[in-house]
Amino acid sequence: MEAILAANPTLARSAAVWAAWDQPALGALQAIVAAGRDKEGIVITGIDANPQARDEIAKGGDFEASMAQDFKGIGAATADAVARVLGGETLKQRIIYVPTKLVTVANAKE
């Protein structure tokens, strides 16, 4: 993130950061703050909605959202699919969706 900010001194080329999980999103936030660019409205999003991310999201700053995965639901869906296959069933779909929850400033403290 530091290199991206240095190479793009204006908002037009670095308006948003998507991180595959919250730790890199938090690192991007640290770099943005350290560069004094936290008032430019650079949107940061992550995945997992861990406690540190929720705290930052709740502040209403650049870290705007994270997706909270349902790890218990993922485990239950996996166990169910395995049990069905072991029971002789052929699964009709290869992808099983488990709902997620978008965490924003409105619900970060829930």
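Small disclaimer: the values here were computed from a predicted structure and weren't measured.

**Student:** Outline the side chain of R54, listing residues and values.
**Tutor:** Along the chain, R54 turns up in helix α3 (residues 51-58). The side chain of R54 sits in the buried core without any salt bridge; E110 is the nearest counter-charge, 6.5 Å away. Excluding its chain neighbours within four sequence positions, the residues that come into contact with R54 are A49, A68, V103, N107, A108 and E110.

**Student:** So what's going on with the sheet that holds strand β3 (residues 63-68)? Which residues, and what values?
**Tutor:** Ordered in space as β1-β2-β3-β4, the 4 strands form an open sheet in which the pairing is mixed. One side of each edge strand has no neighbouring strand; the edge strands of this open sheet are β1 (16-18) and β4 (101-103). Pairwise comparison of adjacent strand axes, ignoring direction, gives a mean angle of 15° for this sheet. Here helix α2 (residues 22-34) sits on the sheet and contacts β1, β2 (43-47) and β3; the angle it forms with β2, its principal contact strand, is near 160°. Where α3 meets the sheet, its contacts fall on β3 and β4, and the angle it forms with β3 comes to roughly 140°.

So, how was this worked out
Residues numbered from 1 in each chain as written. Predicted model: local features only at pLDDT ≥ 70, side-chain atom pairs only at ≥ 80, totals over all residues. Heavy atoms only, no water. Helix = DSSP H or I, 4+ residues; strand = E, 2+ residues; numbered from the N terminus. Buried < 20%, exposed > 50% of the residue type's maximum accessible area, 1.4 Å probe, protein only. Lys, Arg positive; Asp, Glu negative; His and termini not counted. Salt bridge = Lys/Arg side-chain N within 4 Å of Asp/Glu carboxyl O. Contact = heavy atoms within 4.5 Å. Pairing = 2+ DSSP bridges. Axes fitted to C-alpha atoms, helices over the stretch in contact; angles between N-to-C directions.

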